[in-house]
Amino acid sequence: MERQLLVVEDDPLMAEAVSDYFEEKGWSVRTAGNGADALELFGRERFHLVLLDVMMPGMNGFTVCRKLRETSDVPVIFLTARVMEEDKLNGYSLGADDYVAKPFSLPVLYAKAEALLGRVWGKAPGRLKAGSLEIDVGSREVWNRGEQVPLPPKVYEMLLFFLENPGRVYTREQLLIRFWGYDFDGNERVVDSHIRKLRKAVGDCGCVICTVHKSGYRMEVKG
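Scope of this entry: the structure provided in the associated data block. Values in this document were obtained by computation on a predicted structure and should not be read as measured data.

### Side note on the sheet that holds strand 7 (residues 133-136)
Phase 1: Pairing in this open sheet of four strands is antiparallel, and the strands run 6-7-8-9 from one edge to the other. Taken across any chain shown, the strands that pair with only one partner, and hence form the sheet edges, are strand 6 (127-130) and strand 9 (147-148).
Phase 2: Here strand 8 (residues 141-144) pairs with strand 9 via two bridges, running antiparallel. Its bridge partner being in strand 9, Trp143 is matched across the sheet by Gln148.

### With respect to the packing of helix 6 (residues 153-164) against helix 8 (residues 189-202)
Phase 1: Following both chains from N to C, one finds helix 6 and helix 8 inclined at 80°, their axes separated by 10 Å at the closest point. Regarding the angle of helix 6 to helix 8, the classification is roughly perpendicular. In contact with Lys154, Val155, Met158, Leu159 and Phe162 of helix 6, helix 8 contributes His194, Ile195, Lys197, Leu198 and Val202.
Phase 2: Of the residues assigned to the contact of helix 6 with helix 8, the class counts are seven nonpolar, one polar and two charged.

### Quick look at the side chain of Glu157
Phase 1: Considering the arrangement of structural elements, one finds Glu157 in helix 6.
Phase 2: If sequence neighbours within four positions are ignored, Glu157 has contacts with Arg69, Ser72, Asp73, Arg140 and Phe179.

### Some points on unusual backbone geometry
Phase 1: That bond from Lys102 to Pro103 is cis: its omega, -10°, falls within 30 degrees of zero.
Phase 2: Looking at the secondary structure, you find Pro103 in the loop between strand 5 (98-101) and helix 5 (106-120).
Phase 3: Positioned with a positive phi, Arg145 is a non-glycine residue whose angle comes to about 55°.
Phase 4: As for its position among the elements, Arg145 is in the loop between strand 8 and strand 9.
Phase 5: The exposed category is assigned to Arg145, whose relative accessible area is 55%.
Phase 6: Phi angles above zero are rare outside glycine, and Lys214 is one such case at about 60°.
Phase 7: Assignment of secondary structure puts Lys214 in the loop between strand 11 (207-212) and strand 12 (216-221).
Phase 8: A relative accessible area of 78% means that Lys214 is categorised as exposed.

### Focus on the pattern of salt bridges
Phase 1: Evaluation of the coordinates by the stated rule reveals 11 salt bridges.
Phase 2: A salt bridge links Asp192 to Arg172, with the nearest nitrogen and oxygen atoms 2.7 Å apart. Here Asp192, found in helix 8, pairs with Arg172, found in helix 7 (residues 172-180); they are 20 residues apart in sequence, far enough to count as distant.
Phase 3: Using a relative accessible area of 17% as the deciding quantity, one classes Asp192 as buried.
Phase 4: Taken together, the salt bridges that share partners define one network made up of Arg30, Glu40, Arg44 and Glu45.

### A few points about the packing of aromatic side chains
Phase 1: In total, this model carries 10 aromatic pairs according to the counting rule given.
Phase 2: A centroid spacing of 5.5 Å and a plane angle of 90° characterise the contact between Phe161 and Phe179, whose relative ring orientation is edge-to-face. Here the residue Phe161 occupies a position in helix 6, and Phe179 occupies one in helix 7, the gap between them amounting to 18 residues. The exposure classification of Phe161 matches that of Phe179, with both residues buried.

### Quick look at the packing of helix 6 against helix 7
Phase 1: For the pair helix 6 and helix 7, interaxial distance at closest approach is 11 Å and the crossing angle is 125°. Taken together, helix 6 and helix 7 sit at an angle that is classed as oblique. Where helix 6 crosses over helix 7, the two elements pack in a sense that is right-handed. Only Leu175, Arg178, Phe179 and Trp180 of helix 7 make contact with helix 6, whose side of the interface consists of Lys154, Glu157, Met158, Phe161 and Phe162.
Phase 2: Of the residues contributing to the contact of helix 6 with helix 7, the split by class is six nonpolar, no polar and three charged.

### Considerations on the nonpolar core
Phase 1: Counting residues in each nonpolar core, the largest one holds 29 residues, and the members touching the most others are Leu133, Val142, Leu159, Phe162, Leu163, Leu175 and Val191.
Phase 2: When contributions to this core are tallied by element, the ones reaching two or more residues are strand 7, helix 6, helix 7, helix 8, strand 11 and strand 12.
Phase 3: Tallying contributions element by element places helix 6 first for this core, with eight residues.
Phase 4: Membership of the second largest hydrophobic core comes to 21 residues, among which are Ala32, Met56, Val64 and Ala96.

Rules of the game
- Residues numbered from 1 in each chain as written.
- Predicted model: local features only at pLDDT ≥ 70, side-chain atom pairs only at ≥ 80, totals over all residues.
- Heavy atoms only, no water.
- Pairing = 2+ DSSP bridges.
- Helix = DSSP H or I, 4+ residues; strand = E, 2+ residues; numbered from the N terminus.
- Axes fitted to C-alpha atoms, helices over the stretch in contact; angles between N-to-C directions.
- Parallel < 35°, antiparallel > 145°, perpendicular 65-115°, else oblique.
- Contact = heavy atoms within 4.5 Å.
- Nonpolar A, V, L, I, M, F, W, Y, C, P; charged D, E, K, R; others polar.
- Buried < 20%, exposed > 50% of the residue type's maximum accessible area, 1.4 Å probe, protein only.
- Salt bridge = Lys/Arg side-chain N within 4 Å of Asp/Glu carboxyl O.
- Phe/Tyr/Trp six-rings, centres within 6.5 Å; stacked < 30°, edge-to-face > 60°.
- Left-handed = near helix turned anticlockwise from the far one by under 90°.
- Core = buried A, V, L, I, M, F, W, Y, C linked by side-chain atoms within 4.5 Å.

Laid out in structure tokens, this is it:
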């Protein structure tokens, strides 16, 4: 199967160089020069990887990444001249998978892309089972005792995150940064609201999101 790459880069020469290199390796590549065009393309086509510039006019890469994560787990590699630790932490908190500093070597970038896809796509997404819940990770569908449970994208992401990390306590601040990003204008109450939605949606399923007093939330799986 031909792999699909989306390059989001406002420097046309760099975008062309990256595109040419990946196309020579057998990839199908689409490019976007700004965040709005990237999101429009992403809404129409399926991609296996996104190479995303951070510093772009208008909508920056951090905002684009956060919007992508509302609906997709597609692997994202940031391309940026900014190498400050705070920027890297922000990118990772938004769901980025790797960070490549400019100027970069095309062979090194390609090797990073191949390694990332090997981890993410090298095995079939399959199904995750916990309690009476069953999740098709590929289609993002959730069932409880054989009945499909419709979930909004953000609530689904939270459920998958908790099921992949059972028993661990996450503070409201950690969850806020993980799912809404550093520059979110709201407060931690949005976390509580989504937790309530998740609890109501899955109901009695043997997977309980427990409130840990003065700490946060923890997922307990009871079978």
